Amino acid sequence: MTDRLVGGVDLGATNLRAAVADGEGSLLCRVQTATPDGDGAAITAAVVDTLEEACAAANVACDELSAVGVGAIGPLDLAAGAADSPPNVAAEWVPLVDPLETRCDCAAVLVNDCVAGAIGERYFAEGGSDLVYVTLSTGVGAGAVVDGRPLRGHRGNAAEMGHVVVEPGGRACGCGGVGHWEAYAGGRAIPGFARELAAETAVDTDLSPATLDARTVLESTDRLAERVRDRLGTYNTVGIAATVHAFDPTEVVVGGAVARNNPTAVLEPVRERLPGMLAVETPPVRLTGLGEDAVLSGAVAAALTGGTGDPDGSPDAGVSE
Ligand SMILES: [Zn+2]
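So, here's what we can say about the structure. (Residues numbered from 1 in each chain as written. Predicted model: local features only at pLDDT ≥ 70, side-chain atom pairs only at ≥ 80, totals over all residues. Heavy atoms only, no water.)

## A closer look at the layout of surface pockets
Okay, step 1: For the largest pocket, the calculated volume is near 710 Å³.
Okay, step 2: Elements with a minimum of two residues in the lining of the largest pocket: strand S1 (5–11), strand S2 (15–22), helix H3 (113–124), strand S9 (131–136), strand S10 (140–146), helix H6 (214–219), helix H8 (257–261) and helix H10 (294–305).
Okay, step 3: Residues that form the lining of the largest pocket fall into these classes: 15 nonpolar, 17 polar and nine charged.
Okay, step 4: Both of domain 1 (5–122 + 291–305) and domain 2 (128–287) provide at least three residues apiece to the lining of the largest pocket. (1 Å grid on protein atoms, 1.4 Å probe; cavity = no way out; pocket = protein on both sides within 12 Å on 5 of 7 lines; lining within 4 Å. Points joined across faces, edges and corners; volume = space filled by probe spheres on them. Helix = DSSP H or I, 4+ residues; strand = E, 2+ residues; numbered from the N terminus. Nonpolar A, V, L, I, M, F, W, Y, C, P; charged D, E, K, R; others polar. Domains from an automatic or database assignment.)

## Considerations on unusual backbone geometry
Okay, step 1: Note the cis peptide between Gly74 and Pro75, where omega equals 0°.
Okay, step 2: You can see Pro75 is positioned in the loop between strand S4 (67–72) and strand S5 (76–77).
Okay, step 3: Its identity as a non-glycine residue notwithstanding, Ala159 has a phi of 65°, on the positive side.
Okay, step 4: Inspection of the secondary structure puts Ala159 in the loop between strand S11 (149–150) and helix H4 (182–185).
Okay, step 5: Ala159 sits in the buried class, given a relative accessible area of 10%. (Buried < 20%, exposed > 50% of the residue type's maximum accessible area, 1.4 Å probe, protein only.)

## Quick notes on the nonpolar core
One recurring pattern in soluble globular proteins: nonpolar side chains tend to sit buried together.
Okay, step 1: Within the largest apolar cluster, 42 residues are counted, with the highest numbers of intra-cluster contacts made by Leu136, Trp181, Val228, Leu232, Ile240 and Val252.
Okay, step 2: In terms of residue count, the dominant contributor to this core is helix H7 (residues 223–247) (eight residues).
Okay, step 3: In this structure Val228 touches Phe193, Ala194, Leu197 and Val217, once residues within four positions along its chain are discounted.
Okay, step 4: Core analysis: the next-biggest nonpolar cluster, separate from the first, contains 35 residues, Cys29, Val48, Cys62 and Ala72 among them. (Core = buried A, V, L, I, M, F, W, Y, C linked by side-chain atoms within 4.5 Å. Contact = heavy atoms within 4.5 Å.)

## Examining the packing of aromatic side chains
The geometry of an aromatic ring pair is captured by the separation of the ring centres together with the interplanar angle, meaning the angle of the planes.
Okay, step 1: Taken as a whole, this structure holds four aromatic pairs when the rule is applied.
Okay, step 2: Centre to centre, the rings of Tyr123 and Phe124 are 4.9 Å apart; their planes meet at 75°, and the pair counts as edge-to-face.
Okay, step 3: Taking the relative accessible area as the measure of exposure, Phe124 reaches 29% and is therefore partly exposed.
Okay, step 4: Each residue in the set Tyr184, Phe193 and Tyr235 is aromatic and connected to the rest through ring pairs, giving one cluster. (Phe/Tyr/Trp six-rings, centres within 6.5 Å; stacked < 30°, edge-to-face > 60°.)

Printed below as a string of structure tokens:
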């Protein structure tokens, strides 16, 4: 198996990453660029180009890859092999599977980016057969492995937990909904939420609401920042409690830049409050050990395992065409 080469792609709202890995999942090289702010064709082209760049850096021809895994922002249309109107980019329709299969002449396995995260935790971190991966990134999402199977759902959008309502009648979400978890706790939403909170409550603050960014909100000892963090802690706990109730995991693994850059500020309130919101046993909540490559590694693991992430399974067992 070690002479096998696979490709992995992490298509996020902000960053696009690609890698070539060997048959054990070790990354031979990785390439990162900004996700283009263009239409679907521009993003598709960037995905193929970035994987080609990774292949070139590894001195591998694209058609030498035996499979390519893609973890992409959703919503997905798995049957069409595309992302369908992702709320955090301008593009409406982003073909992924066909262009990659054509370029690499091998199967491309498409999963939601958080499902890739869950597959990566199962494969590389021995996460076991029941786990959830939650991303707190530009947006918010989750992926679940249940009874040893990564859940995909009808169109590939199972466990889209970022769009559960945490505040009925609350803030507008990029998806068009209202009061969704992502509308508060996504990195793109945090500054706006902080400004609204500053305007509607009389908090003695030295911060300038107009120039607030997510980093300041998550790191500052200012009272407004603390107030925002307290609310975010509640929303994150509500979202994670719903995720635990839905999927009954042995652990909750959290990734995404918002969590990775501020693990104590983000995760401690959840650990404190989660038992009070659960009707079931509280699972441990931990930060991913795979860092910023959690989804990219998961995409590689999806390619190696045909999408199951099972480190002991047959490499082709999960491919269903
Ligand atoms: Zn939403």
